[in-house]
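Here is how the chains run, residue by residue.
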Amino acid sequence: MDIYQIVLANKEVLKVIYALAISLICMFIVVKTDKIYKLSLHKGLRYFRNAFFFYGLAFLARYLFGVLFPTINYTIIFPIFEYLIILAGFFLLYSLTWKKFNPSEKEHSSLINSNVIIFHIMAIILALLDTLLGTFNFMFYSQIIIFFYASLIAYSNYSKNSKRKFLKFYFVAMLLELSLWVLNLLTATLFSFNRLLLLNIGILNIIFFLLILYGIMKITKK
Amino acid sequence: MTAKKRERLEVIKDIIYTINKNHEIKPTRLLYASNLSPQMFKEYINELIEKKFIQLEVDEKEKKFFSLTKKGRDFLQEYKMIESFIENFGL
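It should be emphasised that the depicted structure is a prediction, and the values quoted were computed from it without experimental measurement.

Student: So what exactly am I meant to see when it comes to the interface of chain A and chain B here?
Tutor: Accessible area lost when the parts come together is the quantity often used to give the size of an interface. Contact residues are listed per partner, giving 22 residues for chain A and 15 residues for chain B. Mapped onto the side of chain A that touches chain B, the elements with two or more residues apiece are helix H3 (34–40), helix H4 (43–68), helix H5 (74–97), helix H7 (137–160), helix H8 (166–189) and helix H9 (195–220) of chain A. Of the residues assigned to the side of chain A that touches chain B, the class counts are 12 nonpolar, eight polar and two charged.

Quick look at the structure:
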């Protein structure tokens, strides 16, 4: 029995471990950046933290609630998962671009304000469209566009300031996430959700979150 | 050559650094040292007082001066790390 067969045989348990691992990494990212956010009150950092807060919630909602509370209908869990994932992607992109939108200094909430309300509306619309049409494609396409732009911005930041070593890792992380969403789309449309491909997507996803966590640990340990 | 516009965080660091260097400083001297317009200076100072980074005190001769709070001193110590974080993640 090879490793893939073992994994597939225990997939329900592994889904919970996977969800817990990503949620814990996200929680750690939010906690680890709390002090520097409170000291700096930097808006980019605030939106960056929001992104990982929503990623953490999304994985808790999808896998933990889905497995621990199987009576909860998946037609409820999936739209919530999609809404949170799409929202997290928007916040991550906005953390890189917020300066261009002249955010008002008087905005007290970073979760809902005049600039980010559009993210909530778009996330709700996309999640509802996917639910109504019974696909995941709107989520996949939105994430591909988001991470395509995020990769371009991350590359531009890296080329402008190559002395900051993690900028290269961040660019790689954005590319990794872009590849992951393209792979997700291909798996759904061409490979009928092939389990081995989904397993590899899961591994890539964990690598993405670990890469971000690595950068945070490396910078904040100084 | 025009000087690069300072980022908000850099302005805050400069104000807090100046107060720390002088231990305590009169508002007019801090305004000159900050290199900001009076309007901008007022906005930054109000924010820093509101967020408890600095405090405005009055001595026995009724003279006003600014001093740092513990949060302000913490900010100065952590500034390099904050700057490094923001630049490394391109935020």
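Student: Looking at this structure, I do not really get the packing of helix H2 (residues 11–32) of chain A against H9(A). What am I missing?
Tutor: The description of two helices packed together rests on the angle between their axes and the distance between the axes. All names here are of chain A. Between H2 and H9, whose axes approach to 10 Å, the crossing angle comes to 25°. Between H2 and H9, the crossing angle belongs to the class labelled roughly parallel. Judged by the twist between their axes, the crossing of H2 over H9 is left-handed. Counting all contacts with H2, which are made through Tyr18, Ala21, Ile22, Ile25, Cys26, Phe28, Ile29 and Lys32, the residues of H9 involved are Gly202, Asn205, Ile206, Phe209, Leu210, Ile212, Leu213, Ile216 and Thr220. Across the contact of H2 with H9, the residue classes break down as 13 nonpolar, three polar and one charged.

Student: Even after reading the chapter, I still don't get the nonpolar core, so can you show me in this structure?
Tutor: As a rule of thumb, nonpolar side chains are buried together in soluble globular proteins. Within the largest apolar cluster, 80 residues are counted, with the highest numbers of intra-cluster contacts made by A:Ala58, A:Leu84, A:Leu87, A:Ala88 and A:Phe91. In contact with A:Leu87, not counting residues within four places along its chain, are A:Phe54, A:Phe119, A:His120 and A:Ala123.

Procedures and definitions
- Residues numbered from 1 in each chain as written.
- Chains lettered and ligands numbered in written order.
- Predicted model: local features only at pLDDT ≥ 70, side-chain atom pairs only at ≥ 80, totals over all residues.
- Contact = placed C-beta atoms within 7 Å.
- Helix = DSSP H or I, 4+ residues; strand = E, 2+ residues; numbered from the N terminus.
- Nonpolar A, V, L, I, M, F, W, Y, C, P; charged D, E, K, R; others polar.
- Axes fitted to C-alpha atoms, helices over the stretch in contact; angles between N-to-C directions.
- Parallel < 35°, antiparallel > 145°, perpendicular 65-115°, else oblique.
- Left-handed = near helix turned anticlockwise from the far one by under 90°.
- Core = buried A, V, L, I, M, F, W, Y, C linked by C-beta atoms within 7 Å.
- Buried ≥ 20, exposed ≤ 12 C-beta atoms within 10 Å, placed from the backbone.

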